[in-house]
Amino acid sequence: MQVLIYIGITLLTILGMEFVAWTAHKYLMHGWLWIWHEDHHKPHHEKHGFFEKNDLFFLVFAIPSAISYIVGLATPQRWLLFVGIGISIYGLIYFLIHDVYIHQRFKWFRQLDSKYSRAILRAHGDHHSKTYKEDGESFGLLIVHPKYFRKRSEWKVKSEK
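Residues numbered from 1 in each chain as written. Predicted model: local features only at pLDDT ≥ 70, side-chain atom pairs only at ≥ 80, totals over all residues. Heavy atoms only, no water.

(A) A look at the overall build of the chain. The secondary structure content of the chain amounts to 6 helices and 0 strands. In the chain, the order of α-helices and β-strands from amino to carboxyl end is α-α-α-α-α-α. Of all 161 residues assigned to the chain, the portion counted as buried reaches 38%. Long-range contacts, defined here as pairs at least 24 residues apart, represent 55% of the contacts in the chain between residues at least 6 apart. A total accessible area of about 10300 Å² is found for the chain, and carbon and sulfur atoms account for 68% of it. (Helix = DSSP H or I, 4+ residues; strand = E, 2+ residues; numbered from the N terminus. Buried < 20%, exposed > 50% of the residue type's maximum accessible area, 1.4 Å probe, protein only. Contact = heavy atoms within 4.5 Å. Areas by Shrake-Rupley, 256 points an atom, 1.4 Å probe, with all protein chains shown as cover.)

Here it is in structure tokens:
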């Protein structure tokens with residue numbers, strides 16, 4: 001039974017991290033931490049080097065994960081370990097989808113082709129169509145608006161009806 005509880009905590013944390021990431025992206029990255037995030041919205045030809053200031057957010061999200069591991073292992077609050085594991089798994093998923101698949105920072109897999117992978121690309125492309133912090137759209141990664149499952153040319157036609 002304990003194992004099922006820990007698996008549940010891990011899965012709920014992964015799901016919860018999508019909402020934490022959405023909130024942080026909308027209100028912090030496109031708010032007072034835009035100074036870190038802005039370079040991520042610049043075209044590739046304007047960037048210098050491999051790293052972006054935006055990569056600092058990896059550390060921001062790694063800190064609560066590390067603290068959860070440490071406290072979960074050092075105290076009777078073992079459930080916190082599985083919160084840390086959930087945050088780490090979400091971070092790995094985010095890295096693989098966002099940095100590897102969408103932005104092709106690593107050339108590991110390029111040919112994902114499903115309705116869901118295309119929806120993620122459309123949603124992220126829509127988000128990056130804005131190069132400034134205001135009026136952004138689609139701040140999440142894994143949960144995308146249903147309109148992104150349709151071709152871009154169909155968005156306005158369907159939404160106007």
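Don't stop here, the text continues.
(B) Structural view of the confidence of the model for the chain. Residues with a pLDDT of 70 or more make up 93% of the chain, whose mean pLDDT is 89. Within the chain, no element has a lower average pLDDT than helix 6 (residues 155–160), which sits at 57, and none a higher one than helix 1 (residues 2–32), at 96. (pLDDT = per-residue confidence, 0-100.)

(C) Broad picture of the nonpolar core. Counting 20 residues, the largest nonpolar core has Tyr-90, Ile-97, Ile-102, Leu-141 and Val-144 as the members making the most contacts within it. Those elements that provide at least two residues to this core are helix 1, helix 4 (79–102) and helix 5 (115–128). Setting aside chain neighbours within four positions, we find Ile-97 in contact with Ile-102, Ile-120, Leu-141 and Leu-142. (Core = buried A, V, L, I, M, F, W, Y, C linked by side-chain atoms within 4.5 Å.)

(D) Examining the packing of helix 4 against helix 5 more closely. Running from amino to carboxyl end, helix 4 crosses helix 5 at an angle of 75°, the nearest separation of the two axes being 12 Å. By the angle between their axes, helix 4 is roughly perpendicular relative to helix 5. On helix 5, the residues touching Ile-97, His-98, Tyr-101 and Ile-102 of helix 4 are Ser-117, Ile-120, Leu-121 and His-124. For the contact of helix 4 with helix 5, a count of residues per class yields 5 nonpolar, 3 polar and no charged. (Axes fitted to C-alpha atoms, helices over the stretch in contact; angles between N-to-C directions. Parallel < 35°, antiparallel > 145°, perpendicular 65-115°, else oblique. Nonpolar A, V, L, I, M, F, W, Y, C, P; charged D, E, K, R; others polar.)

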